[in-house]
Amino acid sequence: MATTLTPVLSRTWDVNRSWGLDAYERDGGYDALRKALTLPAADLVTMVKDAGLRGRGGAGFPTGLKWSFLPAPDGGPRYLVVNADESEPGTCKDIPLMMANPQVLLEGVAITSYAIGCNHAFIYLRGEVLHVYRRLLRAVEEAYAKGYLGKDVLGSGFDLDVTVHAGAGAYICGEETALLDSLEGRRGQPRLKPPFPAVAGLYARPTVVNNVESVASVPSIVANGVDWFRSMGTEKSAGYGLFSLSGHVTRPGQYEAPLGITLRELLDMAGGVRNGNRLKFWTPGGSSTPLFTDEHLDVPLDYESVGAAGSMLGTRALQIFDETTCVVRAITRWAEFYAHESCGKCTPCREGTYWLKQVLGRIEAGHGTQEDLSVLLDVCDNILGRSFCALGDGATSTITSGIALFRDEFEAHITGGRCPFDPAASALFDHTPRRSRDRALTGTPGTVGA
Amino acid sequence: MASTAYEPYEGEKLERLERDAAEATSRYPDPRSALLPLLHLVQSEDGYVSPDGIAFCARTLGLSTAEVSAVATFYTQYKRHPNGEYTVGVCTNTLCAVMGGDAIYDELSEHLGVGHDETTEDGKITLERVECNAACDYAPVMMVNWEFFDNQTPTSATDVVDRLRAGEAVAPTRGASSVCSFKQMSRVLAGFSDGRADEGPAAGEATLAGLRLAREKGWTAPLPDATPPSQEEASPAGKAAPPTRGRPSSTDTPAAPPTGGTADTPTGRDPSKEA
């Protein structure tokens, strides 16, 4: 039986003014919080553990287990910090979720805070989404006014303040310890672990950092139960998730489905690759995950299966590229991104991403040598596993997988002395490409080692 | 040229800033957490992070100006020279670039006569290449003062900047009913609501693509306390319909340890050791 979509978080997105508290309450919003407040906090932790909810921000760490790592209360503050810094290239699920229904996130925040004994929660939103910040600020106002937040939440005796905090443009702040440094008013650079945030997080106090979609999934588990959640997905990758299709697909968008659905099934729902073209390569979970090709159309999109096939489920950011796309161009652009976003704290990432960008730039421009390919692989080898955080690891994913899958295309740039692809063919509109005034920053001969 | 392009930090302006800064710091257990909001606040007054603005943040939080500068220079949204009234950012990360973002950026750059992080002579537009802005299903994407302009073309993008330069009200695809100025935006990012949250749509077409299909097919999540999955075809009535499917077909997939994740979360190691 084919898998079908299971709208849970997205269920109300087409309702009139779906972002408002009225619409959310009409849909049963905050019933889960009412129920949660009647239960012992420890039962909620157990419930989320038993449900098998795993972190929806990329790594897939079990959410309930993360909560349970907090040390026993010592009378001091404990914090929940929601990671709403969605910036992984290709990832576009949390932002539309918060735009259309910020209240479900706040209900999740309230339940999670109660479960872990937190009285002040923070939502760290990337700064580059103005209207989402407006919606979150308004949602918090509305929730306070109705007693879902603030002193004595719904008469339970539980107090909860929520602060929505806007970042200021830095991909690295999606890394949870960099996010905490940023939230403390510092440069967003990752911290050495251990200690983990559970022990010494925000202001060196016990802290849970969870992704938006993870937290927003909590109310549905509390409302509908562990068995309900586990009736979707696979044994080890339970539940539903937002799958984000983008790129050369007929109907790009958000498709909420059980984990374990395949790209073949999703593409079928989305009208296939545009113009009946062939699928050339895709990312299962953003630009930090190794590339897949049309040979991977039937890999179940759950943590285990994608891992076994050599990539990572990541954020379920399915970026689809058809045969008109130059894979060298795609990978070079991602490499430029990582070089730009490397925080500079550790040498392998700071220097390594710089050189990856330079070498890829000259290959793309047709000035590379055969030796450059081994240089790339060698640099990747020196970054992967040797960087301070996962940003460096992620920078190598598409390069090593891309060379393994499309070595002949890299070589064609080298032997042909130019890119064999027409960039206009991969665009959505007809145009004649021109070289922009500052594109020459990369890929020019003579800049490397000069 | 820029050092005197803003009002001095005195009188009413200083009082206003001190009042706002007190509110911003009150949101946090540790006042230093308000540094990012305060830098946005400074930009809302001066149009960039001015030297006096840095000194104001330092004085407010008991930091050195070097400490404040170190933070301000880390984040791309903080501007070191006066910004235009509108930041126009074209996504040229891979997905958008391939779908046409490169062509849009090139067209705008030619049309406006400025390159990355440069401002038109009339002070209206600062052009930027921006990184992925979490709207890939609307590629190619352009941001104007961090409001979404989805599914752009070179023509639509040049039309937007022409209207902005002409002083017209311009509506984003998903956002408020018109884009505000860089200074107004910065004030919101400092945490001061402008009351415009209820403007604009909840979602665009791509956001709703899966939901629309589910409605059309009568697909829903399983009902709670459910009964075994029903085999009958559901009506297209949407969420009132019973689920047509139970457990998906992929429950017996081979298990393997996850090998990591993305930079959103700690990875690349044994996740069981991650807290």
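Rules behind the numbers
Residues numbered from 1 in each chain as written. Chains lettered and ligands numbered in written order. Predicted model: local features only at pLDDT ≥ 70, side-chain atom pairs only at ≥ 80, totals over all residues. UniProt positions renumbered as here; feature names shortened; annotations may be inferred. Contact = placed C-beta atoms within 7 Å. Helix = DSSP H or I, 4+ residues; strand = E, 2+ residues; numbered from the N terminus. Nonpolar A, V, L, I, M, F, W, Y, C, P; charged D, E, K, R; others polar. Domains from an automatic or database assignment. pLDDT = per-residue confidence, 0-100. Buried ≥ 20, exposed ≤ 12 C-beta atoms within 10 Å, placed from the backbone. Pairing = 2+ DSSP bridges. Axes fitted to C-alpha atoms, helices over the stretch in contact; angles between N-to-C directions.

The name an unreviewed UniProt entry assigns to chain B is NADH dehydrogenase, from the organism Cellulomonas bogoriensis 69B4 = DSM 16987. Here is the UniProt Sequence similarities (unreviewed entry) comment for chain B, exactly as written: "Belongs to the complex I 24 kDa subunit family." Check the Cofactor (unreviewed entry) section of the UniProt entry for chain B; it says "[2Fe-2S] cluster".

The name given to chain A in an unreviewed UniProt entry is NADH-quinone oxidoreductase subunit F, with Cellulomonas bogoriensis 69B4 = DSM 16987 as the source organism. The Function (unreviewed entry) comment attached to chain A in UniProt states, word for word, "NDH-1 shuttles electrons from NADH, via FMN and iron-sulfur (Fe-S) centers, to quinones in the respiratory chain." For the record of chain A, the UniProt heading Sequence similarities (unreviewed entry) holds the text "Belongs to the complex I 51 kDa subunit family."

Asks: Please clarify how the interface of chain A and chain B should be interpreted in this entry.
Replies: When the parts come together, some accessible area is lost, and that loss is often what is quoted as the size of the interface. Taken together, the 133 residues of chain A in the interface contact 101 residues of chain B. Broken down by element, the residue count for the side of chain A that touches chain B peaks at seven residues, all from helix H7 (residues 130–145) of chain A. Its residues assigned to classes, the side of chain A that touches chain B shows 56 nonpolar, 51 polar and 26 charged.

Asks: Explanation requested: the domain arrangement of chain A in the structure shown.
Replies: Residues and elements named next belong to chain A. Here chain A is described as being made up of domain 1 (21–225), domain 2 (240–322) and domain 3 (327–441). On a C-alpha basis, the centroid separation for the pair domain 2 and domain 3 is 22 Å. Grouping the amino acids of the side of domain 2 that touches domain 3 by side-chain chemistry returns four nonpolar, four polar and no charged.

Asks: What exactly am I supposed to notice about the domain arrangement of chain B here?
Replies: When cut into domains, chain B gives domain 1 (11–72) and domain 2 (86–181). One C-alpha centre belongs to domain 1 of chain B, the other to domain 2 of chain B, and the line joining them spans 29 Å.

Asks: Sorry if this is basic, but what is going on with the confidence of the model for chain A here?
Replies: Should the pLDDT be low somewhere, the predicted coordinates at that spot are not to be read in detail. Summarising the model, chain A shows a mean pLDDT of 95, and 96% of its residues fall at 70 or more. Overall, residues 437–450 of chain A carries pLDDT values under 50, and its contacts beyond four positions in sequence, including any with other chains, amount to 18 contacts.

Asks: Is there a simple way to explain the pairing of strand E6 (residues 253–258) of chain A in this structure?
Replies: Within a regular strand, the side chains alternate between the two sheet faces. All names here are of chain A. When you tally the buried positions in E6, you get six out of six residues, the bulk of the element. Relative to E6, strand E5 (residues 240–247) runs antiparallel, the two sharing six bridges. Its bridge partner being in E6, Leu-242 is matched across the sheet by Glu-256. The antiparallel pairing of E5 with E6 creates a hairpin that spans five residues between the two strands.

Asks: Help me understand helix H9 (residues 212–224) of chain A in this model?
Replies: Helical geometry: 3.6 residues make up each α-helical turn, so side chains three or four residues apart lie on a common side. Burial analysis of H9 of chain A places 13 of its 13 residues in the buried class, which makes it a mostly covered element. Two residues or fewer after H9 of chain A comes Gly-225 of chain A, characterised by a positive phi angle close to 100°.

Asks: How should I be thinking about the sheet that holds strand E7 (residues 279–283) of chain A in this particular structure?
Replies: In sheet architecture, strand pairing relies on hydrogen bonds along the backbone and comes in two forms, parallel and antiparallel. Residues and elements named next belong to chain A. Ordered in space as E6-E5-E8-E7, the four strands form an open sheet in which the pairing is mixed. Unpaired on one side and paired on the other, E6 and E7 mark the two borders of the sheet. Put simply, the sheet's adjacent strands are angled 30° from each other on average, direction ignored. In this sheet, strand E8 (residues 317–322) lies alongside E7 in antiparallel orientation, the contact comprising four bridges. When the sheet's bridge partners are listed, Leu-279 is paired in E8 with Asp-322.

Asks: Can you help me understand the environment of Glu-88 of chain A in this one?
Replies: Locating Glu-88 of chain A in the fold gives a position in the loop between strand E1 (79–84) and helix H5 (94–100). Sequence separation between Glu-88 of chain A and Leu-242 of chain A is 154 residues, and the spatial gap between their C-alpha atoms is 15 Å.

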